[in-house]
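Below are the chains, spelled out letter by letter.
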Amino acid sequence: MRRRYTWNIFQSIEYSGEQSQIKLYNFLGYLMDNFTPTSTERNFISHIFRENEVCQDDEWEKYFCYSNIEVPEIYSGPHMIFPLTVEQVTAMVEAFRNKRQLHSRYVLQLLLDTWRLLRLLPNISRISTCNSKEITICGDLHGQLEDLLLIFYKNGMPSLERPYVFNGDFVDRGKDSMEILLILFAFQLVYPNDVHLNRGNHEDHIVNLRYGFTKEVLRKYKMHGKRILKLLQMIFSWLPLATVIDQKVLILHGGISNTTDLCDIARVDRHKYVSALKPPKKKRTYQPVPQPSVGSEVDASAQHNDRKAMFGLRDNFQSRSLQDFSSRIPLTTEEEMELRRRQSVFITGGFSQSQKELNYSPTSSESQEPSHTADTVADDWRQILDLLWSDPMPDDGCIPNEVRGGGCYWGPDVTQDFLNRHNMQLIIRSHECKQEGYEFCHNRKVLTLFSASNYYEVGSNRGAYVKLGPDLVPYLIQYQASSMTRELTLRKNLGKPEHSALKVMREQLFAHKSDLVKAFQEFDKDKTGQVSLDDWALAVESVLCLRLPWRMLFSQLVTCSTPGDMLDYHDWFQELSLNEPHMENVDQGLLETLYRHRSTLETIFRLVDLDNSGFITMEDFRQTWKLLSAFLKMEITDEAISDLSVTIDTNQDGNIDIDEFMEAFRVTDKKSRLERGKSMFLANTNDLKKLEEAHAI
């Protein structure tokens, strides 16, 4: 039971973060689509959407120039000669094992060759197990090089006799995403017919902004990091979308929907979808949107009813994700008139509901294209979005994936229909962390495979990979990569993930302090400052909406209860303290907003740091907070922002270090970590000592 709620906490927080990222991208897209080019906010974030425009190949060529980059004599990393040999790749793997880094010249050369190869590959790779050859399939790696090295140790490195399929999400979260990419790209160059890479939802530059890969590349390659990131955006878009083994087994990252069709996927121009979160835009010049004609409201109503019948429940959901952000953004008179014209067209223009989900509104040159072309782009985009973001569910049907904010949930009936239509027998997908590293569902017709062990915390889950021979019967191998995990006792193995999950939950609770106090006061009619266990559970769920067993978690999250199972909620919040740098003069509401939306705020910081220096000016800092306040639909005064900026700029140089700023705002418990751990899951002082030693490691 404890393991189950620990897992629920981790997954709830993870999926909530993904949903927040998609909502933020929706909002930024709204600014781009509904404000004139003179708008400050629009110009502030326009570069992120320029990167999602479709460019010609010759425009990319300039980024690959490496001839003027010299490798210094003091460089101690691996040296590469192209075309690569297996000996060189093996040496590179060993260098990465020893924490050495590949020089940026070799990185650019390797990326150039990878780009040239990927452009030749189809959307769906088709491979065979003929000649009794086993094929190894790996799931999410998420920058955890130790897992990849362990797979190679147990199973052998890729070769002509040992083909591999890597099923997406190579990057983000882990600290060695770049090394994993370089290893996989290098092996694919040496064995192009035996190493296959599928795209995952994290092979997306918008997602990378939030989950660490962007930051990792800029840290490791300070001089050429921006160019490397630009190239990887394009390379990600050229990754194949799926792999089929012996015409019977489909391997893709996320899943399917009730509209997924491999014939449609095979013809998609996949490289146009630099980010799968938004359909591609062609380069265009701004043109005003014409006003709708008289009587358009009646026509729009009929169109809406037709679309509702055509697309059904999923599309009704997708239309709801469009939020009206305009009320929080100051407008000039001209901008307000233009916004109203755009909104009227947006509402009445007959766009598909999936376009509305991520605020895709064709304008200018796009709107002048034939309608069937725009429809094709939207349909293709939905196919890719479902492939990368969807999850299976136990019930029949196909419904929107409200938890992640993208893709769908599909049921056993959808699986069976898809397999029947394509004459297949098994779907292998990844995308979801599983405690055992894998999980079958839908009458064993769907296998979820996850290869990043210790994903949430040391001991939280195993990793797994699967081997398929000519009989296509899955043979699963499990592992845990960390040496620390192997040394943990059973009690500690259960306790460490539990401890981390509860720490994350305490941070969430404190970050929503104001809303929680209001919710408690709704139950505390007599203003005693106390609520019952049942009322506490109802109030917490009403604020956090995480669908967790709060009554069971009560004893782990609350230690200051009073007789009669009543909680003094003011004392409860006093148990938490903040690691804050002299914030006495800063508006407390602003501070709470910062704690609650740290990841979203950091993502915006990364967006506005145009030169990727890690610093932003005071003016950019103010603009960032204005964007955040508009996104959250809340008032943040200029005075409060100025007070915060002055407090943070300790050396008064007019710049703010993003990393230092974000690190300054972390929630910590007054009770020590080890004291809480002892009360939760340790049985004796010997175990406590072992945990302390493990923590020191």
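Further up the page is the structure itself.
Sequence order as written defines residue numbering, which begins from 1 separately in each chain. For a predicted model such as this one, the threshold for reporting local features is a pLDDT of at least 70, and the threshold for listing and counting side-chain atom pairs is 80 or more; totals across whole chains, interfaces and linings nevertheless cover every residue. Where side-chain values are given, they derive from all heavy atoms of the structure, hydrogens and water being excluded.

Peer 1: How should I be thinking about the overall build of the chain in this particular structure?
Peer 2: Counting its secondary structure elements, the chain contains 31 helices and 23 strands. Across the 697 residues that make up the chain, the buried fraction comes to 57%. Put simply, the chain shows about 30100 Å² of open surface, and 49% of that area lies on carbon and sulfur atoms. The helix and strand labels rest on DSSP assignments: H or I over at least four residues marks a helix, E over at least two residues marks a strand, and numbering proceeds from the N terminus. Residue exposure (1.4 Å probe, protein chains only): buried if accessible area is under 20% of the type maximum, exposed if over 50%, otherwise partly exposed. Method for areas: the Shrake-Rupley scheme with a 1.4 Å probe, in which residue coverage is limited to the protein chains shown.

Peer 1: Help me out: how do you make sense of the side chain of Gln109 in this one?
Peer 2: Turning to its location among the elements, Gln109 is positioned in helix H5 (residues 104–118). The class for Gln109 is buried, based on a relative accessible area of 12%. Residue contacts for Gln109: discarding those within four places in its chain leaves Tyr66 and Phe82. We call two residues in contact whenever any of their non-hydrogen atoms come within 4.5 Å of each other.

Peer 1: Would you mind showing me how to read helix H18 (residues 412–422) here?
Peer 2: For the α-helix, the turn length of 3.6 residues means that residues three or four positions removed from each other point alike. Along H18, the residues that are buried comprise Val414, Thr415, Phe418, Leu419 and His422. Along the axis of H18, the buried residues cluster in a sector spanning 130 degrees; they form a single face. Elements in contact with the buried residues of H18: strand E7 (249–251), helix H11 (262–267), strand E10 (398–400), strand E11 (408–410), strand E12 (426–429) and strand E14 (446–449). Where H18 terminates, the next one or two residues include Asn423, which has phi positive at roughly 55 degrees. The reported arc concerns the directions from the helix axis to the C-beta atoms and nothing else.

Peer 1: In this structure, what is going on with the sheet that holds strand E2 (residues 124–127)? I would like to understand it.
Peer 2: Taking strand neighbours across the sheet as the criterion, the six strands line up as E2-E6-E7-E12-E14-E13 in an open arrangement whose pairing is mixed. The outermost strands of the open sheet, each flanked by one partner alone, are E2 and strand E13 (438–441). Going across the sheet, the axis of each strand differs from the next one's by a mean of 20 degrees, ignoring polarity. Pairing of E13 with E14, which is carried by four bridges, proceeds in the antiparallel orientation. Across the sheet, residue Cys441 finds its bridge partner in E14, namely Val446. Between the N-to-C directions of two axes lies an angle of 0 to 180 degrees, each axis being a line fitted to C-alpha atoms and, for a helix, fitted only over the stretch in contact. Contacting E7, E12 and E14, H18 runs over the sheet at an angle of about 115 degrees to E12. Pairing between strands is defined by DSSP: at least two bridges between the two strands are required.

Peer 1: Where do I start with the environment of Arg210 in this structure?
Peer 2: Within the fold, Arg210 resides in helix H8 (residues 205–211). Residue Arg210 is classed as buried on the basis of its relative accessible area, which comes to 16%.

Peer 1: Explain the pattern of salt bridges here, please?
Peer 2: When their charged atoms lie close together, side chains carrying opposite charge are able to pair. Should a side-chain nitrogen of Lys or Arg be within 4 Å of a carboxyl oxygen of Asp or Glu, the pair is scored as a salt bridge. Tallied over the entire structure, the rule returns 21 salt bridges. Put simply, Lys467 and Glu134 hold a salt bridge, and the shortest N to O gap is 3.2 Å. Of this pair, Lys467 sits in strand E15 (residues 463–468) while Glu134 is found in the loop between E2 and strand E3 (135–138), placing the two residues 333 residues apart along the sequence. Judged by relative accessible area, Glu134 falls into the partly exposed class, the value being 37%. Glu439 serves as the salt-bridge partner of Lys434, at 3.2 Å between the closest nitrogen and oxygen. Here the salt bridges share partners, and the residues they tie into one network are Asp391, Arg404, Arg429, Glu432, Lys434 and Glu439.

Peer 1: What exactly am I supposed to notice about the environment of Ile228 here?
Peer 2: Of note, Ile228 is situated in helix H10 (residues 225–238). Ile228 sits in the buried class, given a relative accessible area of 0%. Separated by 164 residues in the primary sequence, Ile228 and Phe64 have C-alpha atoms spaced 8.7 Å apart. Setting aside residues up to four positions removed in sequence, Ile228 forms contacts with Val107, Leu108, Leu111, Met178, Val217 and Tyr221.

Peer 1: Would you mind showing me how to read the pairing of E14 here?
Peer 2: Side-chain positions along a regular strand alternate between the two faces of the sheet. The alternating pattern of E14 places Val446 and Thr448 and Leu447 and Leu449 on opposite faces, both of which are buried. Both E12 and E14 contribute to a ladder of three bridges, which runs parallel. Its bridge partner lying in E14, Ile428 is registered against Leu447.

Peer 1: Got a minute to help me understand helix H7 (residues 177–190) in this structure?
Peer 2: One fewer than the residue count of a helix, multiplied by 1.5 Å, yields its expected span. Look at H7: 20 Å from first C-alpha to last across 14 residues, which is about the 20 Å you get at 1.5 Å a residue. Within H7, 12 of the 14 residues are buried, which leaves the element mostly enclosed by the surrounding structure. Within H7 the residues assigned to the buried category are Ser177, Met178, Glu179, Ile180, Leu181, Leu182, Ile183, Leu184, Phe185, Ala186, Phe187 and Gln188.

Peer 1: Which parts of the structure should I look at to understand the packing of helix H26 (residues 598–608) against helix H27 (residues 618–632)?
Peer 2: The description of two packed helices rests on the angle between their axes and on the distance between the axes. Direction vectors running N to C along H26 and H27 enclose 135 degrees, while the axes themselves pass 10 Å from each other. By the angle class used here, H26 and H27 are oblique. When the axes of H26 and H27 are compared, the crossing they make is right-handed. Facing Thr600, Leu601, Ile604, Phe605 and Val608 of H26, the residues of H27 in contact are Asp620, Phe621, Thr624, Trp625, Leu627, Leu628 and Phe631. Each residue belonging to the contact of H26 with H27 can be placed in one class, and the counts come to nine nonpolar, two polar and one charged. Here is the rule for angles: anything less than 35 degrees is roughly parallel, anything more than 145 is roughly antiparallel, 65 through 115 is roughly perpendicular, and the remaining ranges are oblique. When the near helix sits turned anticlockwise from the far one by under a right angle, the crossing is termed left-handed; a clockwise turn instead gives a right-handed crossing. Each residue is assigned to one of three groups, with Ala, Val, Leu, Ile, Met, Phe, Trp, Tyr, Cys and Pro labelled nonpolar, Asp, Glu, Lys and Arg labelled charged, and all others, Gly among them, labelled polar.

Peer 1: Got a minute to help me understand the sheet that holds strand E9 (residues 391–392) in this structure?
Peer 2: Each strand in a sheet pairs with another by means of backbone hydrogen bonds, the pair being arranged parallel or else antiparallel. Judged by pairing direction, the sheet is mixed, and its three strands sit side by side in the order E9-E11-E10 without closing on themselves. Since the sheet does not close on itself, it has two edges, and those belong to E9 and E10, each with one partner. Across two bridges, E9 lies against E11 in parallel orientation. Paired with Pro392 across the strands is Trp410, a residue of E11.

Peer 1: Hey, could you run me through unusual backbone geometry in this one?
Peer 2: Negative phi values dominate among residues other than glycine, just as trans dominates among peptide bonds. Between Phe82 and Pro83 the backbone carries a cis peptide bond, its omega angle lying at 0 degrees. Here Pro83 lies in the loop between helix H3 (57–61) and helix H4 (86–97). In this structure, Lys99 is a non-glycine residue whose phi angle is positive, near 65 degrees. Within the element layout of this structure, Lys99 appears in the loop between H4 and H5.

Peer 1: Before we go on, may I ask you to explain the packing of aromatic side chains in this structure?
Peer 2: Think of it this way: a Phe, Tyr or Trp ring, Trp meaning its six-membered ring, pairs with another when their centres are within 6.5 Å, and the plane angle makes it stacked under 30 degrees, edge-to-face over 60, tilted otherwise. The final tally for this structure, using the stated rule, is 14 aromatic pairs. Taken together, a centroid distance of 5.2 Å and an interplanar angle of 40 degrees make the contact between Phe520 and Tyr569 tilted. Of the two residues, Phe520 sits in helix H21 (residues 513–523) while Tyr569 sits in helix H24 (residues 569–574), which places them 49 residues apart along the sequence. For the pair Phe520 and Tyr569, one class covers both residues: buried. Summarising the aromatic geometry, the rings of Trp536 and Trp550 are spaced 6.4 Å apart at their centres and angled 85 degrees between planes, so their arrangement reads as edge-to-face. Taken together, the residues span a long stretch of sequence, with Trp536 in helix H22 (residues 533–544) and Trp550 in helix H23 (residues 550–557) at a distance of 14 residues. As far as the burial class goes, Trp536 and Trp550 line up, both buried. Taken together, the ring pairs connect Phe520, Trp536, Trp550, Phe554, Tyr569 and Trp572 into an aromatic cluster. Lysine and arginine charges are scored as sitting over a ring when NZ or CZ, respectively, is within 6 Å of the ring centre and within 35 degrees of the ring normal. The ring of Trp115 has Arg119 sitting right over it, with the charged end atom 4.5 Å from the ring centre. We note Arg444 situated over the ring of Phe440; from NZ or CZ to the ring centre the distance is 3.8 Å.

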